[in-house]
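# Fold and contact review
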Amino acid sequence: MRSLVKMTMKLLGLALLLCANAQGQGVKLDLGQLDRLSPKAAESIEINLDSALLQVAAKFFSPKKPEEAAIKELIAGLKGVYVKVLEFDQAGAYSATDLEPLRAQLRAPGWSRIVGVRSQRDGENVEVYTWLEDGKITALAIIAAEPKELTVVNIIGLIELDKLSQLSEYLNLPRLELERADKPRKK
């Protein structure tokens, strides 16, 4: 009986580990699929900050300065920040089909598209996706496609939208003007 309990506990632990790994793979996007566009880009930026690097970065923010303390608190809940920016000299260097493998990842169960902005006039498109667990945002993906620039952001970990805009300034992320419903709007 005791060995059956031990075996059951081991199998349960293995199942939880596999589920956690599968879920982690679901929220971390494969941005390497965009590497084939890099030779066409005049400039490219790539940021890959895993949990360990984020914790090192958090040490540089002072808890005594309110803005830096908020950033430090936000970073503490993150597991990864991944950014890819490609700037092109000419419009049309990439197409919507180049983004299809990325969008296919975001159609997977767990991801929800919360913002979609398309401008036929300017050719600009912005999409924002979230991954929710227990009613909290635990991953965020942003695709900002312009005729001459493509930006993809993938943030993993507990994300508080009101603190995310502060982090965006330090990591050169697209600024999100999202406000919580329970906060009054600034005038």
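Placed above this text is the structure.
Here we summarise the structure given alongside this text. (Residues numbered from 1 in each chain as written. Predicted model: local features only at pLDDT ≥ 70, side-chain atom pairs only at ≥ 80, totals over all residues. Heavy atoms only, no water.)

### Considering the pairing of strand β6 (residues 149-157)
Note the cut-off: Exposure classes here rest on a 1.4 Å probe applied to the protein chains alone. A residue is buried below 20% of its type maximum, exposed above 50%, and partly exposed in between. Where helices and strands are cited, they refer to DSSP runs of H or I of at least four residues and of E of at least two residues respectively, numbered from the N terminus. Paired strands are those between which DSSP finds at least two bridges.
A large share of β6 lies buried, amounting to eight of its nine residues. Across nine bridges, the pairing between strand β2 (residues 78-87) and β6 is antiparallel. For Val83, the partnering residue across the bridge sits in β6 and is Val153. Here strand β5 (residues 136-146) pairs with β6 via eight bridges, running antiparallel. Residue pairing in the sheet places Ala145 in a bridge with Leu150 of β6. Taking the residues that link successive antiparallel strands as the turn, the β5-β6 hairpin has two residues.

### As for the environment of Arg36
The following threshold applies: Any two residues whose heavy atoms approach within 4.5 Å at even a single point are treated as in contact. Side-chain atoms alone can form a polar contact between residues adjacent in sequence; in general such a contact is a pair of N or O atoms within 3.5 Å, and within protein one must be able to donate a hydrogen while the other accepts it.
For Arg36, the location among the structural elements is in the loop between α1 (2-27) and β1 (43-50). Looking at Arg36, the relative accessible area reads 45%, which means it is partly exposed. Taking the C-alpha atoms as reference points, Arg36 and Asp98, separated by 62 residues in sequence, lie 9.0 Å from one another. Apart from the residues within four sequence positions on either side, Arg36 is in contact with Thr97, Asp98 and Pro101. There is a polar contact of 3.4 Å between the side chain of Arg36 and the backbone oxygen of Asp98.

### Let's talk about the sheet that holds β2
Selection criterion: Orientation is described by lines fitted to C-alpha atoms, with helices fitted over the stretch in contact, and by angles between N-to-C directions that extend from 0 to 180 degrees.
Taken in spatial order, the six strands make up an open sheet running β1-β2-β6-β5-β4-β3, and their pairing is antiparallel. Strand pairing shows two members of the sheet lacking a second neighbour, β1 and β3 (111-119), which therefore form its edges. Pairs of neighbouring strands in the sheet enclose a mean axial angle of 10 degrees, with direction left out of account. Against the sheet, helix α4 (residues 96-106) makes contact with β3, β4 (124-133), β5 and β6, and its axis sits at roughly 160 degrees relative to β5, the strand it touches most.

### Some thoughts on the nonpolar core
To be explicit about the condition: Throughout, nonpolar core names a set of buried Ala, Val, Leu, Ile, Met, Phe, Trp, Tyr and Cys residues whose side chains join them through atoms within 4.5 Å.
Counting 24 residues, the largest nonpolar core has Phe88, Trp111 and Leu150 as its most contacted members. When residues of this core are traced back to their parent elements, those giving at least two are β2, α4, β4, β5 and β6. A per-element tally of this core places β5 first, with four residues. Once residues lying within four places of it in the same chain are set aside, the contact partners of Phe88 are Leu37, Lys40, Ala41, Ala42, Ala93, Tyr94, Lys148, Glu149 and Leu150. With 18 residues, the next largest nonpolar core counts Leu54, Ala58, Ile75 and Val81 among its residues.

### Quick notes on unusual backbone geometry
For Asp134, which is not glycine, the phi torsion reads 55 degrees and is therefore positive. Following the sequence through the fold, Asp134 ends up in the loop between β4 and β5. Under the relative-accessibility criterion, Asp134 is labelled exposed at 80%.

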